[in-house]
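Chain by chain, the residues run as shown.
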Amino acid sequence: MVMLKPKKQWKERKNYNQLAEEMMEKLEIIPGVFFEISQPIQMRFNELMTGVRQDVAVKIFGENIDTLAALAPKVAKIVQTVKGATAPQIEQTIGLAQINITYDRAKLASYGMNIEDVNSTVSTAFAGKSAGVVFENERKFDLVARLDSAHRNSIEDVSNLFISTPEGVQIPISQVAKVTFDEGPSQISREDGKRRIVVGFNVRNRDVETVVEEISDKLAKAHLLPTGYFYTFGGSFENLKEGAARLRIVVPIALALIFLMLYLTFGSAKESLLIFTAIPMSAIGGVFALLIRGMPFSISAGVGFIALFGVAVLNGIVLISTFNDLKKEGVNNILQRVIKGTAIRLRPVLMTAAVASLGFLPMALSQGSGAEVQRPLATVVIGGLITATILTLFVLPLLYIIFYSKINFKKNMNVPKTMILLICGIGFSTISGAQTRISAKDALNIAFRNNLQYPINQSQIKKAGFELKTAGEIPKTGFFVENEDIRPSDHKGVLKIGITQSIEWPGLYKAKRQYFEEQLKFYEMNKSALDALIRKEVNVAYYQLWYLQDVAALYKKLDTLYAEMNKATRLRVRAGDAAGLDSIASGARMKELQALLQQNNKNITEQQQQLSMLLNTDSAYLPLAEKLEKLHYNICNPDSLHPSLALQQQNINIAKANIHVQQNTNKPEFSGRFFSQQLYGIKDPFTGFSVSAAFPLFGLSSARSKIKAAEADMELQQKQLNFQKSQFETQRETTLTNILRAAEILKYYEGPGLKESEEIFKAAMLSYQAGEISFAEMYQFYTQAIDIRKNYLQSLNEYNQAVIEYNYFINQ
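This report concerns the structure included in the present document. What you see is a predicted model, and the numbers here were worked out from it, not measured in a lab. The numbering scheme is per chain: residues are counted from 1 as the chain's sequence reads. Under the rules for a predicted model, residues below a pLDDT of 70 receive no local features and side-chain atom pairs below 80 are neither given nor counted, while totals for whole chains, interfaces and linings still include all residues. Excluded from the side-chain calculation are hydrogens and water; included are all heavy atoms of the structure.

1. Digging into the pattern of salt bridges
For the record, the criterion: When a carboxyl oxygen of Asp or Glu is within 4 Å of a side-chain nitrogen of Lys or Arg, the pair counts as a salt bridge. We count a stretch as a helix when DSSP gives it H or I for four or more residues in a row; a strand needs E for two or more, and each element gets its number in order from the N terminus. Burial classification: accessible surface area is computed with a 1.4 Å probe over protein chains only, and a residue below 20% of its type maximum counts as buried, one above 50% as exposed, and the rest as partly exposed.
Enumeration over the complete set of coordinates arrives at 13 salt bridges. Here Glu504 makes a salt bridge to Lys512, at a shortest N to O gap of 3.7 Å. Across the pair Arg513 and Glu517 runs a salt bridge, and its minimum N-O distance is 3.4 Å. Of the two residues, Arg513 and Glu517 both sit in helix α17 (residues 506–575), four residues apart, roughly one turn of that helix. A residue is classified by how much of its surface remains accessible, and Arg513, at 41% relative accessible area, is partly exposed. Classification of Glu517 as partly exposed rests on a relative accessible area of 35%. One salt-bridge network, in which partners are shared between bridges, spans Lys59, Glu191 and Arg196.

2. Comments concerning the packing of helix α9 (residues 269–276) against helix α10 (residues 278–292)
We count it as follows: Note on method: axes are straight lines fitted to C-alpha atoms, helices fitted across the in-contact stretch only, with angles between N-to-C directions ranging 0 to 180 degrees. Under this scheme an angle from 65 to 115 degrees is roughly perpendicular, one under 35 degrees roughly parallel, and one over 145 degrees roughly antiparallel; angles in between are oblique. Contacts between residues were defined by any pair of non-hydrogen atoms, one from each residue, lying within 4.5 Å. Gly is placed with the polar residues, together with every amino acid not listed as nonpolar (Ala, Val, Leu, Ile, Met, Phe, Trp, Tyr, Cys and Pro) or charged (Asp, Glu, Lys and Arg).
For the pair α9 and α10, the least separation of the axes is 5 Å and the interaxial angle reads 5°. Relative to α10, the element α9 is oriented roughly parallel. Along the contact surface, α9 presents Leu274, Ile275 and Phe276, while α10 presents Ala278, Ile279 and Pro280. Its residues placed into classes, the contact of α9 with α10 shows six nonpolar, no polar and no charged.

3. Let's talk about the side chain of Asn457
Note that Asn457 resides in helix α16 (residues 453–468). The residues contacting Asn457, other than those within four sequence positions of it, are Tyr523, Asn526, Lys527 and Leu530.

4. Quick look at the packing of aromatic side chains
Inclusion rule: Only Phe, Tyr and Trp rings take part, Trp by its six-membered ring, and two of them pair if their centres are within 6.5 Å. Stacked means planes under 30 degrees apart, edge-to-face means over 60, and tilted covers everything else. When the NZ atom of lysine or the CZ atom of arginine is within 6 Å of a ring's centre and also within 35 degrees of its normal, the charge is said to sit over that ring.
For the coordinates displayed, the defined rule picks out 18 aromatic pairs. Between Tyr633 and Tyr806 the ring centres are 6.4 Å apart and the planes differ by 80°, which places this aromatic pair in the edge-to-face class. Placement of Tyr633 in the loop between β15 (621–622) and α19 (643–665) and of Tyr806 in helix α21 (residues 775–809) is noted, with a sequence separation of 173 residues between them. Accessibility expressed as a relative area gives 23% for Tyr633, which makes it partly exposed. Relative to Tyr792, the ring of Tyr749 has its centre 6.2 Å away and its plane inclined at 65°; by these criteria the two rings are edge-to-face. Of this pair, Tyr749 sits in helix α20 (residues 700–769) while Tyr792 is found in helix α21, placing the two residues 43 residues apart along the sequence. The exposure class of Tyr749 is buried, given its relative accessible area of 8%. Taken together, the aromatic side chains of Tyr542, Tyr543 and Trp546 make up a single cluster linked through ring pairs. In this structure, Lys630 packs its charged tip against the face of Tyr799, placed 5.3 Å from the ring centre.

Now the structure itself:
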């Protein structure tokens, strides 16, 4: 894997392909090695999807491994003659060196020996055999006996191995067996139960399909395969065939759905067909755009055509809808309707195409990862929109005239012609922003300003303030007209006009005001509780993110160490000082570490999202680029109620105020009225007033129940406060115990623990490089040192989280 620097740091302005070609030129001086340039994601994607790492693979199936190995170079030679195919790579199936021991059964019989005993001796000498068990504390290890590494390095060591006869005489194994170096199969690959060998290659500057077709024709003419052998093509070509088959189904369905939606919108097959003509117009531009840029048709280009068809019909919908609206407005002349409608909708049509084209432009010019998928899709859409827009402005109006007009075009050739010239300067810039690092203090300041819970609290305070102003609300004033004193001798009676007004018990207004004041005070006090809660949540997220950042730094350091260890292991295996298993184990350990690093990076992203939510920002923040800070704490008893407990205390005050409201609700109500005939101009008018009082004679039981319910609510709130105080105190003491426990283990790590870990790392690597210990022993030492460092970070994180929790309980 070659990690490239940012492009702005490159000394020469080159693209990735030119850089790859230069690398290939430099690597050609190494004899006997095959190189293939590829992108990591592309290579792994191909391998996962099709089982090979190249774009195209010729899979030869047969029964005999040797025959397959002989056919593969012949197929590779034919592949090399095809333009666009890179140097083919043949799957390695033979060439694994093996030491074979061929027993002379007659000599074994003369000595009275059997093959099982000899095999056991050879296995014990070179592979090792368990001779007992060694205990270290609670761990158990096998005690393995085998020859010293100095006596198992060559084939002569195998030939000179002494074996015992039944009489106890030791003879070298070469007297009863023949020891030779042989070449055996390195791997046997199967697919669908059949043996196969793969000839893989990539495709450059040509489309995959035509390359495969040409190779298939040449292989058919060469007649290389014997009876019972056959070949197939795999790789991305296999995906291309499957994708093309799906497109043959998807594209007609998409076109049918587009026409159906148009018909449902306009209710006319004629108008739907008119708008549908934008699709072949757009397809023309998409095809030409691919030809101009030298791009072959691919699955991504096919997806681009589907997207293009959906966007292209928008212009036709805009024009046809405008023509129909003008017709409804009374513009019956078809030519005037088309000219006026086209002029009105010129800007919307151009803007529809421009917006979509500008959106795809960065993809069309992309040079980074995934560009091979993005460029064909964007090229098709942009090219198709250009032609669809131009042709729609000219062809669609003409087709509309033809469809809806009875003009004789041979006699009427004076139709106005309109030429539209469009010059657009298009520029764009990409801005890449790095993640910002902030301190815990800065994160808190941002949270106190931006957290969404504060505006909610302000709205609650505002609402409670308005409710407070309703405490002195007086019932509505009434106006009345009445006629009384009507009798048989006087049908006119006495007409009166007046007003009425009622008021509640004066103490009720005071009680309501106190109740609303306590509610307002509750919401005002809630800000302090929010401050404490947000301070805690932000610190928890920030220090957890800081911990994950340090874990990532540890994994990266370990990755460097394992790379050095893997290099040393390969050298020892090459020199014969170590078994091949050591190299495999070392590589597996590196892959495991990379997986852990990726998992940790995902955890960092998740924690960043949590912090961004608390700060109410779209920015992804990181902690300071320093070692994880150890927080300090002070053991103290708070001199006032915690804000969350103070809120519960305020709930008691609210319940108490509610009791006064219920008590005053059952008091008398007063009302009065005033009337006068003078209001409508009668001489010597009647004028009068009345005052009345209303007493709750029949609702005393209900009123007492409301008072008792309010008193029970106050008692409930008081018990809730007592419970919360007890729970709060217990949680605070538990958190303090967690701090002290974590601090004890940190003393060891901050003292000798980390230093011993570093010394174990250095000593283990030096001992392994000197051949004093095996890879398994070095791995055990490394695991011990790594556990010390990981446990230190975990303990420090647990300590910090406990301190944050404790500071919340003491409101600091």
